[in-house]
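Examination of the molecular architecture
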Amino acid sequence: MIHSLLERKLEKRPDKVRLKGRILFLTEDPQLIKRQLAGEDLPWDTKNPANHPKLRDDISTDEITPAHYCFYFDQTLGEIPYLGLKCGGVLPIGRNDVKKGGFVCSVSGKRRGKGSSREQSPYAEMCAGIQVVIAENIERIYKQNCQNLGLLTSTSFSLIDKIRAGEEIALSEFTAGEDEITRQVIEYGGLFPFNVARMQKKVFLPPIKTGGEGARTTRAMTLAEKIFARHMVNQKGEVGVPCVKPGDTGFAGADLRFSHEYVTPMAAIFFEHYVGKDAKVNDPSTILFFRDHLTFLDEVISEEKKKLGLLDLATQLKLKQQDFAQRQGVRLHGELKDRKGSEGICHSIVLESYALPGQLNIGSDSHTPHVGAIGCIAFGIGTTDVFNSWITKDVRVRVPESVKIVIRGKKRPNVTAKDFILKILSLDYVRSGKALAKVMEYAGETIVELSVDERATMTNMAAEIGGFTGIVAPDQKVVEFLVERRGMNRKQVKTMIQGLTSDPGAEYAQVIELDAAEITPMVATPGDPGNGKYVRDLNTPVPVELAYGGTCTAGKNEDMDMYARVLADALKQGKRVADSVKFYIQFGSQQTRDYAVGRGYLGIFQKAGAHVIEPSCGACINAGPGVSTRPDQVVISSQNRNFPGRSGPGQMYLASPLTVAASAVAGYIVEYQPSEERELVSA
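The rules we used
Residues numbered from 1 in each chain as written. Predicted model: local features only at pLDDT ≥ 70, side-chain atom pairs only at ≥ 80, totals over all residues. Heavy atoms only, no water. Helix = DSSP H or I, 4+ residues; strand = E, 2+ residues; numbered from the N terminus. Rg over C-alpha atoms; globule rule 2.2 N^0.38 Å. Buried < 20%, exposed > 50% of the residue type's maximum accessible area, 1.4 Å probe, protein only. Contact = heavy atoms within 4.5 Å. Areas by Shrake-Rupley, 256 points an atom, 1.4 Å probe, with all protein chains shown as cover. Pairing = 2+ DSSP bridges. Axes fitted to C-alpha atoms, helices over the stretch in contact; angles between N-to-C directions. Salt bridge = Lys/Arg side-chain N within 4 Å of Asp/Glu carboxyl O. Polar contact = N/O pair within 3.5 Å; in protein donor to acceptor, adjacent residues only side chain to side chain. Phe/Tyr/Trp six-rings, centres within 6.5 Å; stacked < 30°, edge-to-face > 60°. Lys NZ or Arg CZ within 6 Å of the ring centre and 35° of its normal.

**A short note on the overall build of the protein**
Per the secondary structure count, the protein includes 27 helices and 24 strands. Taken over C-alpha atoms, the radius of gyration comes to 24 Å for the protein, in line with the 26 Å a tight globule of 683 residues would show. For the protein, the spread of C-alpha atoms along the principal axes amounts to about 75 × 60 × 50 Å. When each of the 683 residues of the protein is scored for burial, the buried share is 62%. A sequence separation of at least 24 residues applies to 75% of the contacts in the protein between residues at least 6 apart. For the protein, the exposed surface amounts to about 25300 Å²; the carbon and sulfur share of it is 48%.

Put into structure tokens, the structure is as follows:
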């Protein structure tokens, strides 16, 4: 407990809000956006929706705040909202345009704020003068970041007329349909003032009554619900309640809290500003910091961005994190001392070394669900949640519904977990936003046959679904993983996973069933991970210039097995990476690098013409070798996202490690056809 917070004075927001300013409609037509920036207010016919201009759907946080501009962690961010917003193939919004336009409200279509958990996005909007965001539906992390900062959100387009008329709007318009805790967070103007009020016992925390007093087996629960029940804070302030159901709200104790250099500095500044420079974080032994995102930035950042001082800013992120970690006694997994690179990507290291079945872990990255592969609840949070968790050691939670995705049957030899997840992302249920903020529970005999590494691909990309998290029930494969990778006691791990399955009769929002035998290698065509189609359905051959294998999603041990398998087959046939292609392979961690060295893979990679890179996030966030440099450049990548501009201006296709490596050899996108002999040749 930080005692100075108990004395702090607090004020709630007024019951009514009056917004004075203009509305910015983020339309598909770039000319309409330019006209608004020039001072024109677009008409909006609330009574006749057919007359509305077509709004942009699927606006990602990469488009709101492109990655390089997230090196700023102060109000300079107000100059850059929507700089990456692509409409009609162009970028209509320039630096300072939004701030100069006097806009108080920003309006868009479906799935606003998808992708990265970067809180710089809503913070940039706020600093530019935006006070309200309106969209048809809003992604969970982005919406929670808005609420935590005090940026109002709504899915009610009826507010547009009221804002235009300068009418007072009841605050209840923005709290309607929200749970009791979220309502109070909005009323207090953000998560930090709410948490201070919570410490001062001025807010109402609704008790979780599911199951009744003392009941323990009165409701069949999903695996996720069981783990939430173990971690929810009860009325006595202790961790654990008998039972939960979707919609129950409260605070969940976190076993592990982590952040990387994109987020730690901003969170540290918030902590020092709001709590105090000399204040100490709560239980530093359960906090981890990572220097993993920007290790190779200097190799790809443009001269133009260097002139803007962005490389220097990126260095400041590193130094701020180092300083804060040292002063707080927090473990920092940083850069290598003997060569360029990092110890590893946060998700890779957390899975290899820290996460345990049945835990609840939170991280400053949307791909935190990665570790759900071993049966724990893990989810991404924003900067404000991060710095608040350093005080309270818990996180605000509304127990989500679960979707069960069952994959049955025998998969084809050239199909991987990446193909399964790209197939899932292409389903109407996901593309329409029905899976938003739900737990993705993967099951079925095909999933059971997958290794932990492959399961991690599925749970990791629950983020692309827009899900709350992804999870697989822990089993013997998880026992073997923890015994072999960490040297844990087998009996202890078996005890740990007992009861970590969904109950018979547990309720799901949806059950999706797929037949593995019907799925062939997939690609997601440029622009969105949901643009999935079978490789064999590409109408014409697609030549590629760049191939990239790596990132948290595809830089694991088994991914290295796949790259090596394809390239070894190619070498046997007298082939190597096509002259027209540059193929980069990047490890997710030093542990995976050591694995690859031990298996002789580096020799295979180099002999086949692939370029090997030390661990880091790299090209996935436009910060390392493998990024495109021209709009016409075609890239095939095993990463998890291909949002416009995320990894350079090129045309990016997503695919499995097998497909990426096979395409690098062929020079165009192809399915991998396994040779009859499977053994890898010696390097």
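Moving on from the model shown.
**Re the sheet that holds strand E23 (residues 634-637)**
Taken in spatial order, the seven strands line up as E19-E18-E24-E23-E20-E21-E22 in an open sheet, and their pairing is mixed. Each end of this open sheet is capped by a strand with a single partner; those strands are strand E19 (532-534) and strand E22 (611-613). The sheet shows a mean angle of 25° between the axes of neighbouring strands, taken without regard to direction. Here strand E18 (residues 522-524) runs beside strand E24 (residues 651-655); their pairing, made up of two bridges, is antiparallel. Residue pairing in the sheet places Ala524 in a bridge with Leu654 of E24. On the sheet, helix H24 (residues 557-572) packs against strand E20 (546-549) and strand E21 (582-586) and is oriented at approximately 145° with respect to E21.

**Digging into helix H19 (residues 452-460)**
Counting buried residues along H19, nine of its nine residues qualify, which places the element largely inside the surrounding structure. Here H19 has its buried residues at Val452, Asp453, Glu454, Arg455, Ala456, Thr457, Met458, Thr459 and Asn460.

**A few points about the pattern of salt bridges**
Opposite charge on two side chains permits pairing when their charged atoms draw close. Counted under the stated rule, the structure contains 49 salt bridges. One salt bridge in this structure joins Arg22 and Asp41, with 2.8 Å as the shortest N-O distance. With Arg22 in strand E2 (residues 22-25) and Asp41 in the loop between helix H1 (30-37) and helix H2 (61-64), this pair connects stretches of sequence that are 19 residues apart. Accessibility expressed as a relative area gives 42% for Asp41, which makes it partly exposed. Notably, a salt bridge pairs Glu187 with Arg183, separated by 2.7 Å at the nearest N-O pair. Linking Glu187 with Arg183, this pair stays in helix H8 (residues 180-188), spanning four residues, or about one helical turn. The partly exposed category is assigned to Arg183, whose relative accessible area is 24%.

**A closer look at the environment of Arg339**
Secondary-structure assignment places Arg339 in the loop between strand E10 (331-333) and helix H14 (346-354). Excluding residues within four positions of it along the chain, Arg339 makes contact with Gln590, Arg593 and Glu614. At a separation of 2.9 Å, a polar atom in the side chain of Arg339 contacts the side chain of Asp338. Looking at Arg339, its side chain comes within polar contact range of the side chain of Gln590, at 2.8 Å.

**Considering the side chain of Thr295**
Its place among the elements puts Thr295 in the loop between strand E9 (287-290) and helix H12 (303-307). A distance of 3.1 Å separates the side chain of Thr295 from the side chain of Ser616, its partner in a polar contact. Beyond its immediate sequence surroundings of up to four residues, Thr295 is in contact with Glu335, Lys340, Gly341, Ser342 and Ser616.

**Quick look at the pairing of E23**
With burial as the criterion, each face of E23 is covered, one bearing Val634 and Ile636 and the other bearing Val635 and Ser637. With three bridges joining them, E20 and E23 adopt parallel strand pairing. Residue pairing for E23: Ala547 is matched across the bridge by Ile636.

**Considerations on the packing of aromatic side chains**
For the structure shown, the criterion picks out 21 aromatic pairs. Considering the side-chain rings of Phe258 and Phe290, the 5.8 Å spacing of their centres and the 85° angle between planes classify their relative orientation as edge-to-face. Within this pair, whereas Phe258 is found in strand E8 (residues 256-260), its partner Phe290 is found in strand E9, the two being separated by 32 residues in sequence. Here the aromatic residues Tyr123, Phe192, Phe270, Tyr274 and Phe387 are joined through ring pairs into a cluster of three or more. The ring centre of Phe468 lies 4.3 Å from the NZ or CZ of Arg140, which sits over that ring. The positively charged end of Arg198 is found above the aromatic ring belonging to Phe251, 3.7 Å away from the centroid.

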